[in-house]
Each structure stands twice: as structure tokens, then as C-alpha cells.
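An overview of the molecular structure
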Amino acid sequence: EKVRRSEASIEGTGSSGRFAGLGKGAAAMSVSEEVLDACEEVAERVAREAGAVILNAIGSTKKKATQTKTSDADLVTETDQECERIIVRRIKERFPDHRFIGEEETSETGVMPVLTDEPTWMIDPVDGTTNFVHGFPFVCVCVGLCVRKRPVLGIVYNPVMGEFFKAREGRGATLNGNRIEVSGTSELGQAVFATEIGTKRDQGTIDSTYGRVSALTSLARSVRMCGSCACNMTGVACGRLDGFYELGFGGPWDVAAAACIVTEAGGKVLDPEGGALRRDVAQGPRNERQPGRRDVSSAERRSPGTLGPAAPKAQRDRVLMRQRQRQTGGDREGARSSWSYNKKPSRF
């Protein structure tokens, strides 16, 4: 996986490699500031309401009712479903014409709604469900709003740890009301990364997952896993982590809110090829639509021999990691995937 500078976007890139026709703040042109103010107020209120439900349930001694989705590692609970109902109902009361893409509804119907230019709420009522079931504190509510396929508002609330992250396009990002920004780490060897192992348990996925972890660990200061995509991304936003990647995450609800927060904190959200987060992130994994296709990064297309001692150290590090991934079978998965990282250094 290669990281380089690029515009962060839920939609992806146009022919120029940037968001066609949209500059900073332009995504909200079709929605007035007054409406966005109201959206922000409602989003904060519903996130806190759902967070109270999570906090009450995670502290209960009553055994949590769980069901499995794709595997024994892919869980859903009554709390997930209750929180999503609360969030959707409250937002619909205020904005009946807005669209929704939520994890639990999509899981129940088996159909991924099409992401359009209309205001669309992306909701993960309990990100880190396995953590929730086991009482591990990295659990959060994610409420994101996209306009013209771009995240313009994001809230990630961890009620267990009392951390409320919020961002709005052009207004910066905050943690409990205090401004946050990404770290200034510029050397890969001094960086702390995070990743996740996902829910697939076939041997090929396990081997490739740990192949990537091995390659990154050999170059970075350390690698962490907390069990929540959004918690990892907000960790990047507030400077606790220097970067995070995950291949095969659940869907756009996992990243929409946190992507806005990372971007407003000065970071970048990318796909593994180094481009902006793809527009098809809301339409299902690429390898499901085209069986057998594997994403190949531009770093893999280049000859590593062109990067001699005079090449920038960060560039050589990326190619070295790619070589080690190939040796360990670490690039076999072409599903949904993303990097988030601090952009203060020019690149890793």
C-alpha cells in the first residue's frame, strides 16, 4: 500500500486526479450554511443519545444478545439495531428528504444503496461491535453527512472513554470542543501505525493481513490494533497515531464521519493506490463486482531498480515495504480499503 499526497474524498478522483469542479467548501454549495448548522445540531444530539444507549448496555451485567453476519467474527447486537433506529428516526423527523446509508439496514436487506449527490447520512451505530460485546472500550457512534458524494460533516463519539470528535468542512476538527490536528511525524521509523485484521478468517486473508503487518512493523516504530476503524482514524486526527490502514472494511459508514474529521485535522484519506478514496466505496468491494481482479498500486508497476540511493528515503521505504509484502504474500486482497495519515510530512 502506497501513501502519497492527494485530495481526500468519498467519491474519488476525476480525470485530473482531483475532485472535478469542487474546491474547498464547494461540496456544500447545494446545501445552505443554515441547513448545515441544523444538520450539525441534530447529528450531535443523536450521537449523544445513541452513545447513552451504548454506555448503559456495555456496563450491564446482562448477557448481550448477538447474531453473526458473515462470520463468527462479524457480530451485530440489539444495541446496534436500536441505536440505528434512534439515529435514523430523529434525523428523518428534521430532514425527511435526506437519504441514508446505514450498516444494520444494509446488512438486513443485503442491498447497498446508491450514493447520489443528494444529502446522504452514513451511519455506523456501533463501530467496534466485538469490542462492545466483550466490554473493550474502543466503541463509538459514527454519524457522517455527505453532500455531492463528499463528507462535509462528521461525528465520532466514544461514550465509554468520553471522547466526542466533530468536524465540519472548512471549520476544522475538535475533540470535546478543543481543536485537534494530526501529528508532525516525518520519519517512518518514528511513526506509530494502526490497522485491523477484519472479519474474514480464510487462510489466504490471514496470511496476507499478517504479511502486511510484518512488512510495516519492520519499518515503523510500532503497529497497533484497537478493533474500531473510526477510533483508529480519529486517533490519526488527534495525533495519537501517525497513520492507519485497513483493507476490507465493512462499508462507507465505517469511514465517512471519520474521513471528514481526519481531513479537517490536516490529514489525508486515501485508497491503497495513493489516490483519493474511491467513488465505488459505497457500491461494494471491487473484487465482488469483478471476481479475480486485484488492485495493483503504481508503486508495484514501477521497477524498484529506478529508486537508487539518491531517491528520497520515504520513497525507498515504501518500495521496500512493497517488496516485503510480495515476499510474504501480503497484497492479495482487492476489497474496500483506505489509508489515513498525517500530511505534515510530504509523504511516507
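For the rest of this paragraph, the subject is a nonpolar patch on the surface. Taken together, the side chains of Leu55, Val160 and Met161 make up a nonpolar region of the molecular surface, amounting to roughly 220 Å² of accessible area. Mapping Met161 onto the fold places it in the loop between strand E6 (150-158) and strand E7 (163-168). Met161 sits in the partly exposed class, given a relative accessible area of 37%.

This next bit is on the pairing of E6. Counting buried positions along E6 gives nine out of nine residues, so the element sits mostly inside the fold. As defined by bridge partners, strand E5 (residues 140-147) adjoins E6 across seven bridges and the pair is classed as antiparallel. Note that in E6 the partner of Val141 across the bridge is Tyr157. Taken together, E5 and the strand that follows it, E6, pair antiparallel across an intervening segment of two residues, in which Arg148 is found at a positive phi of about 55 degrees. Across six bridges, the pairing between E6 and E7 is antiparallel. Paired with Gly154 across the bridge in E7 is Ala167. Two successive antiparallel strands, E6 and E7, enclose a turn made up of four residues, where Gly162 displays a positive phi of approximately 65 degrees.

With that out of the way, let us pick up the sheet that holds strand E8 (residues 173-175). Taken together, seven strands build an open sheet; the order of strands is E3-E4-E5-E6-E7-E8-E9 and the sheet is mixed. Bordering the open sheet on either side are strand E3 (99-102) and strand E9 (178-179), each of which pairs with just one other strand. Sheet strands touched by helix H7 (residues 256-264): strand E4 (120-127), E5, E6, E7 and E8. Its angle to E6, the strand with the most contacts, is close to 100 degrees.

What follows deals with the nonpolar core. Core analysis: the biggest nonpolar cluster contains 34 residues, and Ile87, Ile91, Trp121, Val143 and Leu145 have the highest contact counts within it. Within the residue set of this core, elements represented by two or more residues are helix H1 (33-58), helix H2 (78-94), E4, E5 and E6. Setting aside chain neighbours within four positions, we find Leu145 in contact with Leu36, Cys39, Pro119, Thr120, Trp121, Arg150, Pro151, Val152 and Leu153.

When the pLDDT values of the protein are averaged, the result is 76; 67% of them are 70 or greater. Of the regions scoring below 50 in pLDDT, residues 1-29 engages in 95 contacts with residues more than four places distant in sequence or in other chains. Across residues 279-312, confidence stays below pLDDT 50; counting only partners more than four residues off in sequence or on other chains, it has 64 contacts.

A few words now on the packing of helix H6 (residues 229-237) against H7. Running from N to C, H6 and H7 cross one another at 10 degrees; their axes reach a closest spacing of 8 Å. Classified by the interaxial angle, the pair formed by H6 and H7 is roughly parallel. Residue-level contacts link Ala230, Met233, Thr234 and Ala237 of H6 to Ala258, Ala259, Ile261 and Val262 of H7. The residue makeup of the contact of H6 with H7, split by class, is seven nonpolar, one polar and no charged.

On to the packing of H1 against H2. Two numbers describe how H1 lies on H2: the axes approach to 10 Å, and their chain directions differ by 160 degrees. Of the possible angle classes, the one that applies to H1 and H2 is roughly antiparallel. You can see that H1 and H2 cross each other, and the crossing is right-handed. Residues Ala38, Glu41, Val42, Arg45, Val46, Glu49, Ala50, Val53, Ile54 and Ala57 of H1 touch H2, and the partners they reach there are Thr79, Glu82, Cys83, Ile86, Ile87, Arg90, Ile91 and Arg94. Residue composition of the contact of H1 with H2, grouped by class: 11 nonpolar, one polar and six charged.

Turning to the pattern of salt bridges, a few remarks are in order. Throughout the structure, instances matching the rule amount to 14 salt bridges. Lys166 is the partner of Glu40 in a salt bridge, and the nearest nitrogen-oxygen pair spans 3.0 Å. Here Glu40 is found in helix H1, whereas its partner Lys166 is found in strand E7, with 126 residues between them in sequence. On the basis of relative accessibility, which here comes to 17%, the residue Glu40 falls in the buried class. With its nearest N and O atoms 2.4 Å apart, the salt bridge here joins Arg240 to Glu163. Residue Arg240 is located in the loop between H6 and strand E12 (243-247), and its partner Glu163 is located in strand E7; the two are separated by 77 residues in the primary sequence. Taking relative accessible area as the criterion, Arg240 reaches 47% and is therefore assigned partly exposed. Exposure remark for Glu163: the relative accessible area of 13% places this residue in the buried category. The network of salt bridges with shared partners includes Glu33, Asp37, Glu40, Glu44, Arg48, Lys166, Arg168 and Arg171.

Calculation criteria
- Residues numbered from 1 in each chain as written.
- Predicted model: local features only at pLDDT ≥ 70, side-chain atom pairs only at ≥ 80, totals over all residues.
- Heavy atoms only, no water.
- Patch = residues over 30% accessible without salt bridge, like charges linked within 9 Å, V, L, I, M, F, W, Y side chains within 5 Å.
- Areas by Shrake-Rupley, 256 points an atom, 1.4 Å probe, with all protein chains shown as cover.
- Salt bridge = Lys/Arg side-chain N within 4 Å of Asp/Glu carboxyl O.
- Helix = DSSP H or I, 4+ residues; strand = E, 2+ residues; numbered from the N terminus.
- Buried < 20%, exposed > 50% of the residue type's maximum accessible area, 1.4 Å probe, protein only.
- Pairing = 2+ DSSP bridges.
- Contact = heavy atoms within 4.5 Å.
- Axes fitted to C-alpha atoms, helices over the stretch in contact; angles between N-to-C directions.
- Core = buried A, V, L, I, M, F, W, Y, C linked by side-chain atoms within 4.5 Å.
- pLDDT = per-residue confidence, 0-100.
- Parallel < 35°, antiparallel > 145°, perpendicular 65-115°, else oblique.
- Nonpolar A, V, L, I, M, F, W, Y, C, P; charged D, E, K, R; others polar.
- Left-handed = near helix turned anticlockwise from the far one by under 90°.

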